[in-house]
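# Report on the structure
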Protein chains: 2
Amino acid sequence: MTAPLIPIRSRDNAFVKDLRRLAQDSTAYRKQGRLWLEGDHLCRAALERGQRPAIAVFAESFWPAAQHEYGQAAIKNIVIDDALWADVSGLESPARMGFVLELPPAQAVQPGLATVVLDRLQDAGNVGSILRSASAFGFGQIAALKGTAALWSAKVLRAGMGAHFALRLVEGLEPADIDTLELPLLATSSHQGSYLHQAALPWPCGWIMGHEGQGVSAALQERATQHIRIVQPGGEESLNVGAAAAICLHASAAARH
Amino acid sequence: MTAPLIPIRSRDNAFVKDLRRLAQDSTAYRKQGRLWLEGDHLCRAALERGQRPAIAVFAESFWPAAQHEYGQAAIKNIVIDDALWADVSGLESPARMGFVLELPPAQAVQPGLATVVLDRLQDAGNVGSILRSASAFGFGQIAALKGTAALWSAKVLRAGMGAHFALRLVEGLEPADIDTLELPLLATSSHQGSYLHQAALPWPCGWIMGHEGQGVSAALQERATQHIRIVQPGGEESLNVGAAAAICLHASAAARH
């Protein structure tokens with residue numbers, strides 16, 4: 001592998017056009033069969049979890065410094081002009097490197113594996129943050145219902161900070177598919193059930209996290225074996241779903257510790 | 001108060017220019033002395049907390065439907081063309097209404113009030129989510145060190161979902177200012193101290209949440225009276241700071257319940 005000497009400078013370059021779509025269009029990975037990881041922290045997390053990128057992409061100004069650490073990480077290196085990078089990047093403060101990875105093959109639900117069920121979550125930052133918490137707290141699987149933000153989009157990958165590569169990720173599910181988890185299902189509620197800090201929590205289990213505005217759907221509420229309340233002395237109407245998920249998943253981990 | 005009949009259609013309108021800055025530039029509120037709340041859910045949360053907006057702004061297509069519910073909410077109503085709205089909005093999926101509020105007067109640290117200390121947090125979404133958790137779990141004050149994302153920016157307001165109006169918010173602090181809280185200070189740590197779910201937590205207290213990449217600064221680490229670990233059986237390198245904050249603040253609330 002030799003370092004590429006000629007940075008790409010054309011907006012019309014086919015690779016650059018694909019990359020821009022991958023970075024900015026949340027479902028482009030399905031068409032291209034590839035993922036985009038932007039930023040050295042995230043790229044490092046992917047390497048630490050054994051990923052071997054197809055392509056490493058560097059901003060021209062960063063390539064000299066990055067070459068030593070990342071020059072051998074990918075099968076191929078590509079350098080692009082800094083101005084072009086800013087155009088490609090989906091970030092407000094563009095990072096100066098990223099990896100292109102092959103999209104892993106789609107997976108089916110694995111019964112009995114501790115799972116977080118995502119019920120039509122909209123926000124990529126919330127979804128990524130929940131993946132990160134799931135992985136930290138010993139959950140092995142994410143089961144995302146149809147309507148949830150695309151799990152492998154650049155934004156979710158970024159918020160997940162490598163957790164994607166430690167989890168079994170299943171997308172596009174219907175409520176009935178959740179039965180195949182064969183797990184006790186827990187749903188948070190604002191008005192019924194035990195308080196989380198006093199509840200006996202089963203393990204393994206499936207925690208259901210619901211849509212940011214509408215909460216958990218009726219079809220999944222019915223499937224829940226336990227409803228759990230989070231104590232809120234401040235009386236806010238609701239927590240951010242990423243915050244609620246962190247609290248619940250931590251409680252499951254603490255109960256086993 | 002009469003409904004305005006003529007929607008603004010010019011990009012060069014002075015109000016529209018100010019609004020665009022307020023929506024998109026995170027520190028514009030300091031120059032303008034005004035805040036921008038976008039989206040009906042957030043606007044409703046502000047009204048529920050007793051806010052009286054100076055101006056309510058509506059997209060032309062939404063005004064007929066919104067008039068009944070929000071026509072009397074603000075001192076003044078302004079309607080703008082839908083295309084212009086998309087240009088003004090800081091959101092990917094622009095909402096169709098927003099409020100302009102006067103910036104509340106700056107406040108000083110109140111000693112003894114349960115507080116979350118933000119040590120140079122960068123991400124507006126994280127900061128807003130922490131404000132929301134703080135309010136939900138009975139904390140009354142946010143003490144933000146210099147270098148933290150601007151608390152009253154449109155993005156932090158949006159992620160805070162009304163929590164701003166239930167908290168005492170202090171910005172621009174130096175580490176030494178934190179001594180004036182006169183509280184036991186708790187900092188999370190990856191390697192020392194008791195596990196959160198086993199720790200005796202003081203009340204009132206100050207929880208210190210650190211920079212997304214660098215964590216809590218040495219100057220604040222020294223001031224911490226207790227270091228606390230979060231159990232992480234999955235062994236991820238770190239949690240999202242908004243997730244970690246939610247877990248810690250909930251633990252304080254649960255300990256008092």
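Residues numbered from 1 in each chain as written. Chains lettered and ligands numbered in written order. Predicted model: local features only at pLDDT ≥ 70, side-chain atom pairs only at ≥ 80, totals over all residues. Heavy atoms only, no water.

Looking at an unreviewed UniProt entry, one finds chain A named RNA methyltransferase, TrmH family, with Paracidovorax wautersii as its source organism.

## Let's talk about the pairing of strand β6 (residues 141-145) of chain A
All names here are of chain A. For β6, the buried fraction is high: five of the five residues fall into the buried class. The alternating pattern of β6 places Q141, A143 and L145 and I142 and A144 on opposite faces, both of which are buried. Where strand β5 (residues 115-119) meets β6, four bridges bridge the pair, whose relative direction is parallel. In the strand pairing of β6, V116 is matched with I142. Both β6 and strand β7 (residues 168-173) contribute to a ladder of four bridges, which runs parallel. Residue I142 lies in a different strand from β7, and its bridge partner there is L169. Handedness of the crossover is the feature at issue here: the chain leaves β6, passes through helix α7 (residues 154-160), returns alongside β7, and the resulting connection is right-handed. (Buried < 20%, exposed > 50% of the residue type's maximum accessible area, 1.4 Å probe, protein only. Helix = DSSP H or I, 4+ residues; strand = E, 2+ residues; numbered from the N terminus. Pairing = 2+ DSSP bridges. Right-handed = clockwise from strand over helix to strand, strands pointing away.)

## Re the interface of chain A and chain B
On the chain B side, the residues contacting the 37 residues of chain A number 37 residues. Carbon and sulfur atoms make up 55% of the surface buried where chain A meets chain B, a total of about 3,000 Å² over both sides. Broken down by secondary-structure element, the contributors of at least two residues to the side of chain A that touches chain B are α3 (40-48), α6 (124-136) and α9 (241-256) of chain A. (Contact = heavy atoms within 4.5 Å. Buried area = accessible area lost by both parts, 1.4 Å probe.)

## Considering the pairing of β5 of chain A
Residues and elements named next belong to chain A. Most of β5 is tucked away, with five of its five residues classed as buried. Where burial is concerned, the two faces of β5 agree: the one with T115, V117 and D119 and the one with V116 and L118 are both buried. What joins β5 to β6 is α6, and the crossover it makes is right-handed. Sheet analysis places β5 next to strand β10 (residues 206-210), joined by five bridges and oriented parallel. In the sheet register, L118 faces β10, and the bridge partner there is M209.

## Concerning the sheet that holds strand β2 (residues 55-59) of chain B
Residue and element names in this part refer to chain B. Taken together, four strands build an open sheet; the order of strands is β1-β4-β2-β3 and the sheet is mixed. Unpaired on one side and paired on the other, β1 (34-38) and β3 (76-80) mark the two borders of the sheet. Sheet twist, expressed as the average angle between the axes of neighbouring strands with direction ignored, equals 20°. Strand direction decides the pairing type here: β2 and strand β4 (residues 97-102), joined by four bridges, are antiparallel. Paired with F58 across the bridge in β4 is M97. Helix-sheet contacts for helix α3 (residues 40-48) involve β1 and β4, and the interaxial angle to β4 is about 40°. (Axes fitted to C-alpha atoms, helices over the stretch in contact; angles between N-to-C directions.)

## A few points about the sheet that holds strand β4 (residues 97-102) of chain A
All names here are of chain A. One open sheet holds the four strands; their spatial order is β1-β4-β2-β3, and the pairing between them is mixed. The strands lining the two open edges of the sheet, one partner per strand, are β1 (34-38) and β3 (76-80). The average undirected angle you get between the axes of adjacent strands in this sheet is 20°. Against the sheet, helix α4 (residues 63-70) engages β2 (55-59), β3 and β4, with an angle of about 150° to β2.

## Structural notes on the nonpolar core
Soluble globular proteins tend to pack their nonpolar side chains together in the buried interior. The biggest cluster of nonpolar side chains holds 168 residues, and the ones touching the most others in it are L37, L118 and W207 of chain A together with L37, L118 and W207 of chain B. Residues in contact with L37 of chain B, not counting those within four places in the same chain, are L42, C43, A46, M97, G98, F99, L101, L157 and F165 of chain B. (Core = buried A, V, L, I, M, F, W, Y, C linked by side-chain atoms within 4.5 Å.)

## Observations concerning the domain arrangement of chain A
Residue and element names in this part refer to chain A. In terms of domains, chain A is made up of domain 1 (5-102) and domain 2 (115-255). With 19 residues of domain 1 at the interface, the matching set in domain 2 holds 12 residues. It is Y29, L42 and R49 that lose the most area in domain 1 upon contact with domain 2, and together they represent 37% of the buried surface on that side. Linking domain 1 with domain 2 are one salt bridge. In this structure, the salt-bridge partner of E171 is R30, at a minimum N-O distance of 3.3 Å. At the boundary of domain 1 and domain 2, one finds five residue pairs in polar contact (both at pLDDT 80 or more). Where the side of domain 1 that touches domain 2 is concerned, the elements lending two or more residues are α1 (14-24), α2 (28-32), β1 and α3. Classifying every residue of the side of domain 1 that touches domain 2 by side-chain character gives 11 nonpolar, five polar and three charged. (Domains from an automatic or database assignment. Salt bridge = Lys/Arg side-chain N within 4 Å of Asp/Glu carboxyl O. Polar contact = N/O pair within 3.5 Å; in protein donor to acceptor, adjacent residues only side chain to side chain. Nonpolar A, V, L, I, M, F, W, Y, C, P; charged D, E, K, R; others polar.)

## So, the environment of A143 of chain B
Residue and element names in this part refer to chain B. Positionally, A143 belongs in strand β6 (residues 141-145). The buried category is assigned to A143, whose relative accessible area is 0%. When the C-alpha atoms of A143 and G206 are compared, they prove to be 9.2 Å apart, with 63 residues separating the residues in sequence. When neighbours within four sequence positions are excluded, A143 is seen to be in contact with T115, V116, V117, L118, V170, L173 and I178.

## A closer look at the relation of the copies chain A and chain B
When chain A is fitted to chain B, the residual RMSD is 0.0 Å, and the transformation amounts to a turn of 180° plus an axial shift of 0.0 Å. The transformation just described matches what one would write down for a two-fold rotation axis. A shared interface surface links the copies, since 100% of the contact residues of chain A are contact residues in chain B too. (Least-squares fit on C-alpha atoms with pLDDT ≥ 70 in both.)

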